[in-house]
Amino acid sequence: MASVLRADNISKSFGPIEVLSGISLDLRPGEVHAVIGENGAGKSTLMRILSGHLPPTKGSLFLNDQPTTFSGPVDAENRGIVLVHQEILLAEDLTVTQNLFLGRELRRFGFVDDRAMREQTRAALAELGSSIDPDREVRRLSIADRQLVQIARALLVPHKVVAFDEPTAVLTPIEAESLFQIIRRLRAQGVAILYISHRLNEVKAVADRVTVLRDGRLVTVRDIEGLEPLEMARLMVGRDMSKLYPDKPLTASDQDILSVRNLVVPGYVEDASFTLRRGEILGFGGLIGAGRTELFEGLVGLRPSHGSIAIDGRNVHFRDAREAMAAGVVYLSEDRKGKGLLLQQDLRVNLTLAALDKFGRGSFIDVPAEERALDAAVRDFDIRARRRDLLAGQLSGGNQQKLLLAKMMLVEPRIVIIDEPTRGVDIGTKEQIYRFIASLAEQGRSVIVISSEMQELIGLCHRVLVMRNGRIAGEVAQAELSEDAIVYLATGVHEERAADIAAGHA
């Protein structure tokens, strides 16, 4: 079958550093072609070249078998190549409708036709299974809803090729399934789909062919038939990945280090009560929007909250995150780019920012001490950077997450709260992060893991608390940990069953 878009021997260098070397790839009409690889393998760079955001250093592109170059992403869009970015690229102060039609407004009699744009926005979102209000400001949307808006905006453009870069990283399973239905519909219409994801089960579910990259080079191109996620992982990282999760550490003690009673985060969380034991890994599950993130932002002083919080039996109330850190509690945000790191600063500045008091020499910063700390972080957390003077924003997603972990560990916390610890990172980096979390518990620290990935909660945690509609719906103990048990609590199915049973007895 003839390809609609083809890359022939593409290479890309940034200065003396070559990040892609001799990659060839073809996208066929009516096919989903997945590209997988570890963070830093070159997947996003390849996608940006194919969609006109970057020119190749070497090699050629062919559109409908004709040699072509793109002057930029707008030129590529005009020729039917659209990209759904991993990063959220929306204007926060504008409404959903205004974002969908920004730069392409519909007009009637010379005036902007707000009504028509609003109706088309509602229809486009409904196709993704979403009922977001078209008049809602984007700043008031969750990260998941912003991603859906971004996908809807891309699909409004007439398209021959649609490239998705980690499209489900912030979506619930229900939202992700709606996206897969859209992808299957596009495929049936003869659209070529380029799909990048770290979630290998997704790749198995939606892809027809898979290209594997490692360190900027092509490893193999395989049909999906007969290719299982475990083999994909082995091809990506070059080693056996049969044991992704480490053994769960034995809980160090039955002593509660953190006790929360009736915590309220106005508008988000009601009457949350739970305990955390010393040396325990405690999971928090639930659908996106259930209030998990807001609960812990309230606990550490990032949002207004009221209720009872005690550490080692002593009542505390944190007015901000610095007070929480001083008490030995750190929170690693799910939004590492927006809230966790300073993307325009280098690795050293980011690493030591939360613990600057350790690096002071009078009125000055002890830069050599910071450099030694960076040496240790690069070694201990396997942060892979081509140069030490790189900005944090130039790191891959997995290395950004490892830098954020290293940054917060300099505070020497007793309680570590990690929100979506492996969002947008490859399976090899996931394994590293899981082992690091387990090592924290083995050291006697206590860890709270907030995750939308149920297998992650099951594989890592001693217990899982599940939230629904701003409340803690229930607890799943280690012996009962399963996807069904978490889903029942997250969706309220167990309550419906109990009501049915009660009605039957009546």
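Residues numbered from 1 in each chain as written. Predicted model: local features only at pLDDT ≥ 70, side-chain atom pairs only at ≥ 80, totals over all residues. Heavy atoms only, no water.

As for the packing of helix α5 (residues 143-155) against helix α6 (residues 173-188)
Contact geometry of α5 with α6 gives a least axis separation of 12 Å together with a crossing angle of 10°. Classified by the angle between their axes, α5 and α6 sit roughly parallel to one another. Where α5 approaches α6, its residues Ala-144, Asp-145, Leu-148, Ile-151 and Leu-155 are matched on the opposing element by Glu-175, Leu-179, Ile-182 and Leu-186. Considering only residue class, the contact of α5 with α6 consists of seven nonpolar, no polar and two charged. (Axes fitted to C-alpha atoms, helices over the stretch in contact; angles between N-to-C directions. Helix = DSSP H or I, 4+ residues; strand = E, 2+ residues; numbered from the N terminus. Parallel < 35°, antiparallel > 145°, perpendicular 65-115°, else oblique. Contact = heavy atoms within 4.5 Å. Nonpolar A, V, L, I, M, F, W, Y, C, P; charged D, E, K, R; others polar.)

Description of the environment of Phe-70
Note that Phe-70 resides in the loop between β5 (66-68) and α2 (73-78). On a C-alpha basis, the gap between Phe-70 and Arg-187 in space is 24 Å, while along the polypeptide they are 117 residues apart. Beyond its immediate stretch of four places on either side in the chain, Phe-70 contacts Leu-5, Ile-49, Leu-50, Gly-52, Leu-61, Asp-75, Ala-76, Arg-79 and Ile-81.

Details of the packing of aromatic side chains
Centre-to-centre distance and the angle between the planes together describe a pair of aromatic rings. With the rule as written, the count across this model stands at six aromatic pairs. With a centroid separation of 4.8 Å and an interplanar angle of 25°, the aromatic rings of Tyr-245 and Tyr-434 are classed as stacked. With a gap of 189 residues between them, Tyr-245 in the loop between α8 (229-237) and β13 (256-265) and Tyr-434 in helix α15 (residues 427-442) connect regions that are remote in the sequence. By relative accessible area, which is 18% here, Tyr-245 ends up buried. Relative accessible area serves as the criterion here: at 1%, Tyr-434 is assigned to the buried category. Among the aromatic residues, ring-to-ring pairing joins Phe-274, Phe-284 and Phe-296 into one connected group. In this structure, Arg-6 packs its charged tip against the face of Phe-62, placed 4.1 Å from the ring centre. (Phe/Tyr/Trp six-rings, centres within 6.5 Å; stacked < 30°, edge-to-face > 60°. Buried < 20%, exposed > 50% of the residue type's maximum accessible area, 1.4 Å probe, protein only. Lys NZ or Arg CZ within 6 Å of the ring centre and 35° of its normal.)

Thoughts on the sheet that holds strand β1 (residues 5-14)
Spatially, β2-β1-β4-β5 is the arrangement adopted by the four strands of the open sheet, whose pairing is antiparallel. With one partner strand each, in any of the chains shown, β2 (17-27) and β5 form the two edges of the open sheet. Neighbour-to-neighbour, the strand axes of the sheet open up by a mean angle of 30°, direction not taken into account. Alignment of strand β4 (residues 58-63) against β5, held across three bridges, turns out to be antiparallel. Across the sheet, residue Phe-62 finds its bridge partner in β5, namely Pro-67. Running at roughly 60° to β2, helix α1 (residues 43-50) makes contact with β1, β2 and β4 of the sheet. (Pairing = 2+ DSSP bridges.)

Brief notes about the confidence of the model for the protein
Mean pLDDT over the protein works out to 88, with 96% of the residues at or above the 70 mark. Mean pLDDT per element in the protein: helix α18 (residues 493-505) is the minimum at 48, and strand β22 (residues 446-450) is the maximum at 97. A low-confidence stretch, residues 496-506 (pLDDT under 50), is modelled with one contact involving residues beyond four sequence positions or located in other chains. (pLDDT = per-residue confidence, 0-100.)

Structural notes on the pairing of strand β9 (residues 161-165)
Most of β9 is tucked away: five of the five residues are buried. The alternating pattern of β9 places Val-161, Ala-163 and Asp-165 and Val-162 and Phe-164 on opposite faces, both of which are buried. By the bridge criterion, four bridges tie strand β6 (residues 81-84) to β9 in an arrangement that is parallel. Opposite Leu-83, over in β9, you have Ala-163 as the bridge partner. With five bridges connecting them, β9 and strand β10 (residues 192-196) associate as parallel partners.

Quick look at unusual backbone geometry
Although it is not a glycine, Asn-9 adopts a positive phi angle of roughly 55°. Counting through the fold element by element, Asn-9 comes out in strand β1. Unusually for a residue other than glycine, Asp-271 sits at a positive phi of about 55°. Position of Asp-271 relative to the elements: it lies in strand β14 (residues 269-277).

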